[in-house]
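Architecture and fold: a report
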Amino acid sequence: SEAGKGDGSKPDAAKSDATAVPMSAQQLAAAAANVLRETQAAAQSIAGAGGPGIEVTVEGSGIVLSLTDTSTFGMFAIGSAEPGKQLLDLIARIAPIVAANSKRIVVRGHTDSRLYKTDKNNNWRLSVSRAEAAYAMLVRAGIDEARFARIEGHADRKLRVPKDPEAAANRRIEILLQQVPE
């Protein structure tokens, strides 16, 4: 018998995703507020009064979860894509939030404008390497790698604080939680 024809079986998940109706602006805003609350709660248990900068915004038909360095929380050492222990703990705690609030995922890496250039690396490679590290941490935390649409590196081209190009807030990982499949 065909799926969904009264035999108790569920319709094909890929088929139902393909016909998913985009969320309204109000639904996206409510979902973004929920992601922010849950992420802040997850971060609180790791970093106490310090911790990463956390911002959640709506972008198109998705939600952007942005984690930034602060004066008390560095996700990666300057010039490195090796995650710190607090970041490893944070990503493990927020992975269920990411999974529950997205159909597809895009991970973006950003650097500040400090000149980081060696024979093997520069800000472009560093931003991609940090995005790849975040992707790997999310996969290790249980998110199916097939849910990731892209990994992007933006170097210092989209500064959060343009008036202070070396500000900690410019060093960030953004996780775009797409609500409908691409």
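Residues numbered from 1 in each chain as written. Predicted model: local features only at pLDDT ≥ 70, side-chain atom pairs only at ≥ 80, totals over all residues. Heavy atoms only, no water.

1. What to know about the pattern of salt bridges
Within the structure shown, the criterion is met by eleven salt bridges. Asp89 is the partner of Lys85 in a salt bridge, and the nearest nitrogen-oxygen pair spans 2.9 Å. Of this pair, Lys85 and Asp89 are both found in helix α3 (residues 85–100), four residues apart, which corresponds to roughly one turn of the helix. When its relative accessible area of 60% is taken as the criterion, Lys85 is described as exposed. Residue Asp89 is classed as partly exposed on the basis of its relative accessible area of 28%. Its salt-bridge partner being Arg150, residue Glu152 comes within 2.8 Å of it at the nearest N-O pair. Since its relative accessible area comes to 17%, Glu152 is described here as buried. One network of salt bridges, with partners in common, ties together Glu59, Arg108, Arg150, Glu152, Arg160, Arg172 and Glu174. (Salt bridge = Lys/Arg side-chain N within 4 Å of Asp/Glu carboxyl O. Helix = DSSP H or I, 4+ residues; strand = E, 2+ residues; numbered from the N terminus. Buried < 20%, exposed > 50% of the residue type's maximum accessible area, 1.4 Å probe, protein only.)

2. What about α3?
Given a rise of 1.5 Å per residue, 16 residues ought to cover 22 Å, and the 24 Å separating the end C-alpha atoms of α3 matches this to within 8%. Buried residues of α3: Leu87, Leu90, Ile91, Ile94, Ala95, Ile97 and Val98, and no others. (Expected span 1.5 Å × (residues − 1).)

3. Re the confidence of the model for the protein chain
Across the protein chain, the average pLDDT comes to 86, with 85% of residues at or above 70. Confidence drops under pLDDT 50 across residues 1–18; counting only partners more than four residues distant or on other chains, this segment forms nine contacts. (pLDDT = per-residue confidence, 0-100. Contact = heavy atoms within 4.5 Å.)

4. So, unusual backbone geometry
In this model, Ala155 sits at a positive phi of 50°, which is unusual for a non-glycine residue. Here Ala155 lies in the loop between β4 (148–153) and β5 (172–178).

5. Structural notes on the packing of aromatic side chains
The geometry of two aromatic rings is summed up by the distance between their centres and the angle between their planes. Applying the stated rule across the entire model yields one aromatic pair. A centroid spacing of 4.8 Å and a plane angle of 90° characterise the contact between Tyr135 and Phe148, whose relative ring orientation is edge-to-face. Of this pair, Tyr135 sits in helix α4 (residues 123–140) while Phe148 sits in strand β4, and the two are 13 residues apart along the sequence. Of the residues examined, Phe148 reaches a relative accessible area of 10% and is grouped as buried. (Phe/Tyr/Trp six-rings, centres within 6.5 Å; stacked < 30°, edge-to-face > 60°.)

6. Regarding the nonpolar core
Among the nonpolar cores identified, the biggest contains 33 residues, and Ile94, Val98, Val107, Leu138 and Ile175 are the most heavily contacted of them. Of all the secondary structure elements, the ones that give two or more residues to this core are α2 (25–47), β2 (62–68), α3, β3 (104–110), α4 and β5. Dropping the residues within four chain positions of it, Ile94 is found in contact with Thr39, Ala42, Leu65, Leu67 and Ile175. (Core = buried A, V, L, I, M, F, W, Y, C linked by side-chain atoms within 4.5 Å.)

7. Brief notes about the sheet that holds β3
Across the sheet, five strands lie side by side as β1-β2-β5-β3-β4; this open sheet has mixed pairing. Strands at the two margins of the open sheet, each flanked by one partner only, are β1 (53–59) and β4. With strand direction ignored, the average angle separating the axes of adjacent strands in the sheet is 15°. As paired strands, β3 and β4 are joined by five bridges and run parallel to one another. Residue pairing in the sheet places Val107 in a bridge with Ile151 of β4. Against the sheet, α3 touches β2, β3 and β5, its axis set at about 170° to β2. (Pairing = 2+ DSSP bridges. Axes fitted to C-alpha atoms, helices over the stretch in contact; angles between N-to-C directions.)

8. As for the pairing of β5
A large share of β5 lies buried, amounting to seven of its seven residues. By the alternation rule, side chains of β5 split into Arg172, Glu174, Leu176 and Gln178 and Ile173, Ile175 and Leu177, which are all buried. Strand direction decides the pairing type here: β2 and β5, joined by seven bridges, are antiparallel. The residue bridging Leu67 from the neighbouring strand is Ile173, located in β5. Note: β3 against β5, seven bridges, orientation antiparallel. Within the sheet, the bridge partner assigned to Val107 lies in β5 and is Ile175.

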